[in-house]
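Listed below are the residues making up each chain.
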Amino acid sequence: MGSMTLYVEKNSLIHHLDPLVKLLYVAASIALTYILPEPLFIAGVLFITFLLLVVGKVFRNSLPIVALSMVLIFSLVIVQGFFHPDNATELFAIGPVVFYEEGLTVALGLVLRVLVMVGAFSVLILTTRPDEMVERLIKKGMSPKIGHVILSVLQLIPQMRATMGKITDAQRSRGMETEGKLLVRIKAFFPLIGPVVLNSLNETKERSIALEMRGFDAPGKKTFLNEEKIYPYNKQFAGMLVIIILLAIVWRVIG
Amino acid sequence: MSTIEVENLKYRYPDTTKLVLNDLNFSVEKGECLGIIGENTAGKSTLCYALAGLVPHFYKGAYGGKVTVNGLVVRDHEIATIVENIGLVFENPFSQMTGAKQTVYEEVAFGLENMGLVRQEMHTRIEKYLKLLAVYSVKDKNPFDLSGGQMQRVAIASVLAMEPEVLILDEPTSQLDPQGSQEVFEVIEELTKGGMTIILVEHKMDKIAQYADRVLLLHEGRQVDLDTPENIFSRGDLTDFGLTPPVVTTIAKALGIQYPGTKLYPVTIEEFKRLGEDK
Amino acid sequence: MSKNKRSMWSVKLSTAAIVLIPAAIGINYLGKLFASLLRLPLWLDSIGTVLASMLAGPIIGAASGIINNIIFGITADPISTVYAITSGAIGLTVGIMAHKGWISSIQKAVVVGLVTGVVAAIVSTPLNMIFWGGQTGNIWGDAFYTFLISTNSPQWLASFGDSIVVDVPDKVVTVLISYFIFKGLPNSLTNIYRQDSEIEEI
Amino acid sequence: MKTFTVREVDFSYSPIIPIFQGLTIDFDSRTTALVGQNGAGKTTLVKLMKGLLKPDKGELLVDGKSISEQTAAQLAKRMGLVFQNPNDQVFKTNVLDEVMFGPLNIGFSKREAEKQAMNALRKVALESKVAENPYDLSLSERKLIALASILAMDTEMVIFDEPTMGQDFAGKEKIKAIIQELKAEGKLVICILHDMDFAAEVFERTIVLNQGKVILDDETREVFSEKEVLEKAFLEQPSVSQIAHALGFEKSFIHEAELIQFLKDVQRLNPDLS
């Protein structure tokens, strides 16, 4: 039973970067698409993001993540293309509905922005071990308890997924149908979700006890088993990202 | 002063009316193994909670009397302080894993990180207890990928690594298969031999007979008896408390094999054999 | 909850309350999974958040919601990160209303569901405007958006409508399901999340 | 007479690791214990029998008729399966509703279902807890509730998966009585067990599974006398047999009373020796 993570174990420059720098990159790349919203410029940011994915040897792994936002992307193109309020220049028509150039331009900007967001996140999550990221954040002042919550969710969910099969088996053994009309399926929802909910709540009791017994609530300062990793060119990368953002803002103000 | 002292302990869970622990009085000496037996409703687990400070700090409710562990009055200290003196392992190995650690090694480290130990000391202790519990070979595995018996031994290692004076084992094998139980009992045997102070709650009476120096018999929250295994298991009224003696004792009773000059029956095979031969 | 005298904003988080958050997030996940498995026409992906709010108050509820979306952002679907704020607002709303006694009957629970749905839509609308020009990517919602835009409604109103048609029915059902589960929980469980209780001397 | 036949069944979860190859077992009216180490295939076997899994090859027959066309929910009318972990099925807010869920699903009227449920609860001696929340009870009580929820469905066959785990003496006595009662009612009873003492004491027939194969299948007494074969499957003899061995007797025993009688005889025959 593994942990729920999209992390891909590879040896690349991006993998060795500080998770916080990657996090900063996510924030910076999204911010840039707002500071300088021209589609051409956003495409540039997108290109760099894709480049990072390639350098990180995870470009292929990012495709399924991008695919998840396809519905949104299609919806953006269709709705804006046909119905954006500024629409004036006709591109083509399907029967009575007309597809406009202005809407397409707006949609293009939005789609590129979605892609930058998904791409930048992919850089972070495909090349960073979640526990490494959480440990970094804790050392930067995030509450260790929040860190604990995040890491335990990643392990809890695969376990719950495994219980799901057992519950379905148990309720089917008691004559419950899960296929058929909507009403039959609605009726099956409670018997299926009920045991997981009750169990996981009940388990919080035992797990809290176990954590208490391991000093989870200890008031003193916590130490760490893992030694702090040394990240190469950490400050330089972070500084570069900040400078780029500042330059973009200046560009926007004078331009 | 004894390692554990319990005086007039009374307890009731919040929003309930019945006392789960009703006027308990006993003490446990350093290096002793105290067995606790009784039906499922006897209050065994609640007593364990009271020794570890979970009662009354985690479970509030109504509380009376005094529990002292290693000189600390449990009522007056936070759980985090008490756990450095007394460790608790319970039946479900699964929910005892923190759930936030990727490897067995890190799992054991969890408590030590919370205690604020320096790194070198952590490594020393983790290695020591993983080896003691015979789970060193799985140190890089995900705790949830272990068998029940292995997981339970990791749970014990995690608690022992905090080096408490006393270890409470609350039905540590009831959710395990025979092989897993065997693994855990081997560890318990090691620990009792090593002079660890242990409180063992167990349904398997032959195991109680084998490891416990004294046995506390509980029934509906009351302390019925506290005596040696021979005395407890020779009682004629055990079924009234929903219990049966170890199989050897039943056989000895049927055959009239006793310690000479007493009304006591043997509780282990070795003693049974010895007395049988003497006779 | 009426017995609960502590302030609902109490900041000291008990271990039990903290352990509740991962459980809540897991329940959210499984709610969504079972809903899609049974092909139900709703998300049902915030049952855990709502339950956590009912059990441990607005802070834990909001934390469950926010962390839920961040975690799904970094493990499955980056876009869900954007709606962390919405999930947080859902947790807050239910937590506050539950504390004020709004989960004492089915009728009241329906009101909680309606309010939560509207709050979710109000919070989501600016997010949708900022990030995707007002749409949500939900087919029914976007269809409604299109309809409103084509009747010359302002974009923000269309966007709000887009969210409303998606969120309100889902949140009403979610709150009702959570309400039934909450009412069925044993006392021995619900009272470990309460921090007000004092130790009584006997 | 009720029979359940597993005929030439092949099954695997993944193509590389077969679980069963040509497995054949005939269950008859004798109460049967199914023992074996973890991973021997016990739970997989009962899932196949219950229609929760479908065999890759071979047939499963109830009274000679194949069950391959029936879904698990349909089979529920005929065969009850008590799962190991009650927490995977308990979801109602009181004990009575929980136990009534199965009977209602398979077409009992509300009144019948309630009657069945009360009957079943009486058998596990929890009838006084009908109104309680199952999660306010202990795990071992909840296990008995899950057991009652299957008994209430009044099926021709009942399969138990590890019913004695975590039960105290009283709990085991109840389960023993239930199994004997089911047998008296002419029902087919099969039970997966880790507890060899309980298997020896209660069941007429014992089947030992090891790595997907039946390595022993006979009257319980015969099975537990095969010390070497059991050891190969990493199983122990019942503790009475172990005690007898420790005392230096080679004979195998499955009941306490037998050993006591035997020892008494030894005492009488050799008064000075023992």
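As the structure is a computational prediction, the values presented were derived from the model and not from experiment. (Residues numbered from 1 in each chain as written. Chains lettered and ligands numbered in written order. Predicted model: local features only at pLDDT ≥ 70, side-chain atom pairs only at ≥ 80, totals over all residues. Heavy atoms only, no water.)

Side note on the overall build of chain A
- Within chain A one finds nine helices and two strands.
- If you list the helices and strands of chain A from N to C, you get α-α-α-α-β-β-α-α-α-α-α.
- Compactness check: chain A gives a C-alpha radius of gyration of 24 Å against a globular reference of 18 Å for 255 residues, more than 25% above the reference.
- Taken over the C-alpha atoms alone, chain A extends approximately 65 × 60 × 30 Å along its principal axes.
- Looking at the 255 residues of chain A, the share that counts as buried comes to 52%.
- For chain A, long-range pairs separated by at least 24 residues make up 70% of all intrachain contacts whose partners lie at least 6 apart in sequence. (Helix = DSSP H or I, 4+ residues; strand = E, 2+ residues; numbered from the N terminus. Rg over C-alpha atoms; globule rule 2.2 N^0.38 Å. Buried < 20%, exposed > 50% of the residue type's maximum accessible area, 1.4 Å probe, protein only. Contact = heavy atoms within 4.5 Å.)

Examining the sheet that holds strand E5 (residues 65-66) of chain D
All names here are of chain D.
- One open sheet holds the four strands; their spatial order is E2-E1-E4-E5, and the pairing between them is antiparallel. Looking at strand neighbours, the two that pair on one side only are strand E2 (17-27) and E5, the edges of this open sheet.
- Alignment of strand E1 (residues 4-14) against strand E4 (residues 57-62), held across five bridges, turns out to be antiparallel. If you follow Val6 over to E4, its bridge partner there is Leu60.
- The strands touched by helix H1 (residues 42-49) are E1, E2 and E4; relative to E2, the strand with the most contacts, the crossing angle is about 65°. (Pairing = 2+ DSSP bridges. Axes fitted to C-alpha atoms, helices over the stretch in contact; angles between N-to-C directions.)

Let's talk about the domain arrangement of chain A
- Taken as a whole, chain A is organised into domain 1 (19-135 + 229-254) and domain 2 (143-213).
- Here the C-alpha centroids of domain 1 of chain A and domain 2 of chain A sit 36 Å apart. (Domains from an automatic or database assignment.)

Here we look at the interface of chain C and chain A
- Taken together, the contacts link 60 residues of chain C with 59 residues of chain A.
- Summing both partners gives a buried area of about 5300 Å² for chain C against chain A, and 79% of it is carried by carbon and sulfur.
- For the salt bridge of Glu179 of chain A with Arg39 of chain C, the shortest nitrogen-to-oxygen distance reads 3.4 Å.
- Counting the contacts that link chain C with chain A gives 11 residue pairs in polar contact (both at pLDDT 80 or more).
- Of all the secondary-structure elements, those providing two or more residues to the side of chain C that touches chain A are helix H1 (15-37), helix H2 (47-56), helix H3 (58-75), helix H5 (106-132), helix H6 (139-150), helix H7 (155-184) and helix H8 (187-190) of chain C.
- Ranked by residues supplied to the side of chain C that touches chain A, first place goes to H1 of chain C with 18 residues. (Buried area = accessible area lost by both parts, 1.4 Å probe. Salt bridge = Lys/Arg side-chain N within 4 Å of Asp/Glu carboxyl O. Polar contact = N/O pair within 3.5 Å; in protein donor to acceptor, adjacent residues only side chain to side chain.)

Quick look at the pattern of salt bridges
- Applying the stated rule across the entire model yields 49 salt bridges over all chains.
- For the salt bridge of Arg136 of chain A with Glu228 of chain A, the shortest nitrogen-to-oxygen distance reads 3.3 Å. Of the two residues, Arg136 of chain A is situated in helix H6 (residues 130-139) and Glu228 of chain A in the loop between helix H8 (182-213) and helix H9 (234-254); the sequence distance between them amounts to 92 residues.
- We note a salt bridge from Lys131 of chain B to Glu127 of chain B, for which the minimum N-O separation is 3.8 Å. Taken together, the residues span about one helical turn, with Lys131 of chain B and Glu127 of chain B both in helix H5 (residues 119-132) at a distance of four residues.
- Among the charged side chains, a network of salt bridges with common partners joins Asp28, Arg30, Arg205, Asp217 and Glu219 of chain D.

Considering the interface of chain B and chain D
- Between chain B and chain D, the contact holds 25 residues from the first and 22 residues from the second.
- Of the roughly 2100 Å² buried where chain B meets chain D, counting both sides, 63% is carbon and sulfur surface.
- In terms of surface lost to chain D, no three residues of chain B exceed Asn40, Ile251 and Leu255 of chain B, which account for 22% of the buried area on that side.
- Across the contact surface, chain B and chain D share zero salt bridges.
- Where chain B packs against chain D, one counts five residue pairs in polar contact (both at pLDDT 80 or more).
- Looking at the side of chain B that touches chain D, the elements with two or more residues in it are helix H7 (178-193), helix H10 (247-255) and helix H11 (269-278) of chain B.

Points about the pairing of strand E8 (residues 188-193) of chain D
Residues and elements named next belong to chain D.
- Burial analysis of E8 places six of its six residues in the buried class, the great majority of the element.
- Where burial is concerned, the two faces of E8 agree: the one with Leu188, Ile190 and Ile192 and the one with Val189, Cys191 and Leu193 are both buried.
- Where strand E3 (residues 32-35) and E8 come together, four bridges link them in parallel fashion. Its bridge partner being in E8, Thr32 is matched across the sheet by Ile190.
- Relative to E8, strand E7 (residues 157-161) runs parallel, the two being bridged by five bridges. Among the inter-strand pairings, Val158 is bridged to a residue of E8, identified as Val189.
- Handedness of the β-α-β unit built from E7, helix H6 (residues 169-184) and E8 comes out right-handed. (Right-handed = clockwise from strand over helix to strand, strands pointing away.)

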